[in-house]
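Examination of the molecular architecture
Below are the chains, spelled out letter by letter.
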Amino acid sequence: NLFFSNSSSNGSGGRCSLCPQSPEVSFCPLSPEISPCPQSPEVPYIVSTRYRTAYHFQPPRNWINDPCGLMYYKGIYHNFYQYNPHCALWCWGDIAWGHSVSTDLVNWIQLEPVIEPDNPSDIDGCWTGSATILSGGQPVILYTGVSRDNCQVQNLLFPKNPSDPYLREWTKAGNNPVIQPVVPGLNRSCFRDPTTGWIGPDGLWRIAVGAQLYSYNAALLYKSEDFLSWTRVDHPLYSHNLSNMWECPDFFAVLPGNNSGLDMSVSIPRGAKHALKMSVGYFDKYLIGVYDLKRDAFVPDTIVDDCRLWLRIDYGDFYASKSFFDSKKGRRIIWGWSQEADCRSDDVAKGWAGIHTIPRTIWLDSDGKQLLQWPVDEIESLRTNEINHQGLELNKGDMFEINGVDTFQADVEIYFELTSINAAEPFDPSWLLDPEKHCCEAGASVHGGIGPFGLVILASNNMDEHTVVHFRVYKSQQKYMILMCSDLRRSSIRPSPYTPAYGGFFELDLAKERKISLRTLIDRSAVESFGGGGRVCITSRVYPAVLADVGRAHMYAFNNGSATVRVPQLSAWTMRNAHVNVENGRSAI
Ligand code: DQQ
């Protein structure tokens, strides 16, 4: 049993530090000093192509970060994104808005960047913003411009020719900036990322902007009649005094147990709840509550002061997400930025850095407590070479090899059925404060009552390298808590990548439903996992040497808990390459 004998027995071995090694760029406060892009050295090794994802969104080259104005317009999906046209790094003063279009959210064509820093209200960067489709059907974009001295303002953009479905050219409004950081107590270097607009009962447009005000972090609320001139509402949409600055706020309505999306600019049905998402620290967190129309404020269902306990859209390498209402299919779609977890010099050598996750449908669970997410159906068009297994039984220490698919580009769906729930160990609520730490302590090699069980992927012949996505079941008073981990500690023998053990918990009524599902999308250096039907999602970036050097890896379903686990259904597919922003894409339109 190579897997278990080769893993550290107490689970705390290996590298398990979350923040210190993180290559994350910190945005607040930003150092406005000029950091010019270094010259790219010759790409020295095969990593560039082997680690490059085959069906995730990324431009042909250079740096990307946040998805910005997402929208469906005249039959075309648009993805605007934070983009450095000059190199594979985030450099002060360089950030522009890249633009790609698609008819299916899978295949994308890159167009020219729509805006670059070129006037006083955005001379140091065209940062994140959002698109809104106005009542007459005309799209507009609000984005953060960074003017001299890192003063952040909000600017407006109009399409030059709204009848062009590709919206290739945009004009910056003559009266930019339309919103300035003139509020008492506002830190003008922490005032950014306007949301998509929505219409209130008084017929006025509203937007929220992420901000730091005195010691508070807030989504500041602004109102407008015409989307051109804006007035600040004297209270925020919501604020909190114990977190980092809220970047990229997103605010949307959801109906419990209904996976149809709601358009925030039309009237919201009774019974709807609202979700407020903010990107804070290293993660995208959210609160569920109601939008109190009288007070014009978001009111969370439960006040949780400690933001470590806020739910996360994704528990892994996923940040700055944005959602939009897809009027084509009546759903809400969200996607986020997953940054490289290798060293910056490798990014420069590869010539590219950053991807967007697979777009996900997002909706509210029927208990109204948490959001669920699932990859958009369109991604299934890439599935080929289906393999299936039924009725497997995994006893303690068993590993079942999954053959017949490309283990570097795959979509795997497994149902694990618990034969008994008596062996569940007690749950300690303090684990919720730091699920990554608990995933380090309770790794796949640490036997449990129920679990760990799950998937071992990207494994080398001798298991020197492997990534594990696994579950453990705990009993907490009347309910069961499921831990899901995406453990990267042994994902690469190369020393440079950041290899934490990501994790999150979800509640499941196991007395009623004995099955726990896992879907994992493997795309070379990207691994996206959806546990419990999308209750916990974890995006990870991995750089195994097997991928770069050997070109062959193994994949297993496993169980290392005392209780036997059945696998009533296991399906896997090879994923074909999507046509994502290939270099000559422009000629296709
Ligand atoms: N990225 C943008 C900012 C935003 C941050 C700059 C979040 O507008 O706050 O590229 O990743």
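Counting restarts for each chain: residues are numbered from 1 in the order of the written sequence. Reporting of local features is limited, given that this is a predicted model, to residues whose pLDDT is at least 70; pairs of side-chain atoms are given and counted only at 80 or more, and all residues count toward the totals for whole chains, interfaces and linings. As a rule here, side-chain values cover all heavy atoms of the structure and leave hydrogens and water aside.

1. A short note on the nonpolar core
Inside soluble globular proteins, nonpolar side chains tend to come together where they are buried. For clarity, the cut-off: In these notes, a set of buried Ala, Val, Leu, Ile, Met, Phe, Trp, Tyr and Cys residues joined through side-chain atoms within 4.5 Å is what counts as a nonpolar core. Relative accessibility decides the category of a residue: with a 1.4 Å probe and only protein chains considered, values under 20% of the type maximum give buried, values over 50% give exposed, and everything between is partly exposed. Each domain's extent is set by a domain assignment, obtained either automatically or from a database. Contact between two residues is taken to exist if any of their heavy atoms lie within 4.5 Å; hydrogens are not considered.
The biggest cluster of nonpolar side chains holds 53 residues, and the ones touching the most others in it are Phe 416, Leu 418, Phe 453, Phe 471, Val 473, Leu 510 and Ile 516. Split by domain, this core shows at least three residues from each of two domains, domain 1 (60-375) and domain 2 (383-575). In this structure, Leu 510 is in contact with Leu 418, Ile 421, Val 473, Tyr 480, Ile 482 and Ile 516, ignoring residues within four places of it in sequence. In this structure, Tyr 238, Ala 253, Ile 313 and Leu 371 belong to the second largest nonpolar core, which totals 33 residues.

2. Quick word on the UniProt feature "domain: Glycosyl hydrolase family 32 C-terminal" (unreviewed entry) in the protein
Rules: UniProt positions are given in the numbering used here, feature names are shortened, and annotations may be inferred rather than shown by experiment. Note on conventions: DSSP H or I runs of at least 4 residues are helices, E runs of at least 2 residues are strands, and numbering of each starts at the N terminus.
Sites flagged by UniProt as "domain: Glycosyl hydrolase family 32 C-terminal" (unreviewed entry) map to residues 378-573. Each end of residues 378-573 is marked by a C-alpha atom, and these two atoms are 15 Å apart; helix forms 7% of the span and strand 51%.

3. A look at the UniProt feature "domain: Glycosyl hydrolase family 32 N-terminal" (unreviewed entry) in the protein
Cross-referencing UniProt, the feature "domain: Glycosyl hydrolase family 32 N-terminal" (unreviewed entry) maps to residues 56-375 in the present numbering. Measuring from the first to the last C-alpha atom of residues 56-375 gives 12 Å, for a span that is 2% helix and 49% strand.

4. Observations concerning unusual backbone geometry
Cis rather than trans, the peptide bond between Asn 176 and Pro 177 has omega equal to -5°. In this structure, Pro 177 sits in the loop between β8 (170-172) and β9 (186-192). Along the chain, Gly 451 connects to Pro 452 via a cis peptide bond; the corresponding omega equals 5°. Mapped onto the elements, Pro 452 comes out in strand β30 (residues 450-459). Positive phi values are uncommon outside glycine, yet Leu 105 reaches one of about 65°. Relative to the assigned elements, Leu 105 resides in the loop between β3 (96-102) and β4 (109-115). If you check the backbone angles, Asp 296 has positive phi at about 55° while not being a glycine.

5. Considering the domain arrangement of the protein
What counts here: Buried area counts how much accessible surface, traced with a 1.4 Å probe, disappears from two parts once they are put together, with both parts' losses summed. A pairing counts as a salt bridge when a side-chain nitrogen of Lys or Arg comes within 4 Å of a carboxyl oxygen of Asp or Glu. Here a polar contact is taken to be a pair of N or O atoms separated by no more than 3.5 Å, where protein atoms must pair a possible hydrogen donor with a possible acceptor and residues adjacent in sequence count only if both atoms sit in side chains. Any residue that is not Ala, Val, Leu, Ile, Met, Phe, Trp, Tyr, Cys, Pro, Asp, Glu, Lys or Arg is counted as polar, Gly included; the first ten are nonpolar and the last four charged.
Taken as a whole, the protein is organised into domain 1 (60-375) and domain 2 (383-575). For domain 1 and domain 2, the distance between their C-alpha centres works out to 31 Å. Approximately 2,400 Å² of surface area, both sides summed, lies buried where domain 1 meets domain 2, with 51% of it carried by carbon and sulfur atoms. Broken down residue by residue, the surface that domain 1 buries against domain 2 is led by Tyr 315, Ala 341 and Trp 374, which jointly contribute 27%. Between Glu 528 and Arg 360 there is a salt bridge, with the nearest N and O atoms lying 3.0 Å from each other. Along the contact surface separating domain 1 from domain 2 lie 18 residue pairs in polar contact (both at pLDDT 80 or more). Among the secondary structure elements, those contributing two or more residues to the side of domain 1 that touches domain 2 are α3 (344-350) and β25 (371-375). The greatest single-element share of the side of domain 1 that touches domain 2, amounting to five residues, is contributed by β25. Residues belonging to the side of domain 1 that touches domain 2 are distributed by class as follows: 14 nonpolar, six polar and eleven charged.

6. Things to note about the pattern of salt bridges
By the definition in use, this model includes 34 salt bridges. When the shortest N-O distance is used, the salt bridge between Lys 329 and Glu 378 registers 3.2 Å. Taken together, the positions of Lys 329 in the loop between β20 (319-326) and β21 (331-338) and Glu 378 in the loop between β25 and β26 (383-394) put the pair 49 residues apart, joining distant regions of the chain. Given a relative accessible area of 11%, Glu 378 falls into the buried group. The salt bridge involving Arg 383 is made with Glu 380; its shortest N-O contact spans 3.6 Å. Arg 383 gets classed as buried once you look at its relative accessible area, which sits at 17%.

7. Here's the deal with the packing of aromatic side chains
For clarity, the threshold we go by: Note on aromatic pairs: the rings of Phe, Tyr and Trp (six-membered ring only in Trp) are paired at centre separations within 6.5 Å, and the planes decide the class, stacked below 30 degrees, edge-to-face beyond 60, tilted for the rest.
A complete count under the given rule lists 35 aromatic pairs for this structure. Seen in terms of ring centroids, Phe 57 and Trp 335 are 5.9 Å apart; in terms of plane orientation they differ by 50°. Their pairing is tilted. Placement of Phe 57 in the loop between α2 (47-50) and β1 (62-73) and of Trp 335 in strand β21 is noted, with a sequence separation of 278 residues between them. Overall, the relative accessible area of 3% leaves Trp 335 in the buried class. Relative to Phe 530, the ring of Trp 374 lies with its centre 6.0 Å away and its plane at 65°, an arrangement referred to as edge-to-face. Remark: Phe 530 occurs in strand β35 (residues 526-531) and Trp 374 occurs in strand β25; sequence separation between them is 156 residues.

8. Some remarks on the environment of Val 567
Secondary-structure assignment places Val 567 in strand β38 (residues 565-575). Taking relative accessible area as the criterion, Val 567 reaches 0% and is therefore assigned buried. Sequence separation of Val 567 and Ser 517 is 50 residues, and the distance between their C-alpha atoms is 9.8 Å. Contact partners of Val 567, with chain neighbours within four places excluded, come to Gln 390, Gly 391, Leu 392, Leu 394, Ile 414, Tyr 415 and Phe 416.

9. Description of the site of the ligand
For the record, the criterion: Any residue with a non-hydrogen atom lying within 4 Å of a molecule or strand is treated as near it. Throughout, the Shrake-Rupley method with a 1.4 Å probe supplies accessible areas, and for residues the shown protein chains are the sole cover considered.
Surrounding the ligand, one finds 14 residues, the nearest of these being Asn 65, Asp 66, Gln 82, Arg 192 and Asp 193. Asn 65 has a polar side-chain atom sitting 2.9 Å from an oxygen atom of the ligand. Between the ligand and Asp 66, the relevant distance is 2.7 Å, taken from a nitrogen atom to a side-chain nitrogen or oxygen of the residue. Contact with the protein chains covers 100% of the free accessible surface of the ligand, which is 310 Å². For the shell around the ligand, the elements supplying multiple residues, two or more each, are β1, β5 (126-133), β15 (247-254) and β20.

10. Here's the deal with the sheet that holds β4
Our working rule: Paired strands are those between which DSSP finds at least two bridges.
The sheet built from five strands is open, its strands ordered β4-β3-β2-β1-β22 with mixed pairing. Here the strands that pair on one side only, and so sit at the sheet edges, are β4 and β22 (352-353). Bridging between β1 and β22 involves two bridges; their strand directions are parallel. Opposite Trp 63, over in β22, you have Ala 353 as the bridge partner.

11. A look at the side chain of Asp 314
With respect to the helices and strands, Asp 314 occurs in the loop between β19 (311-312) and β20. In this structure Asp 314 comes out as buried when scored by relative accessible area, which is 0%.

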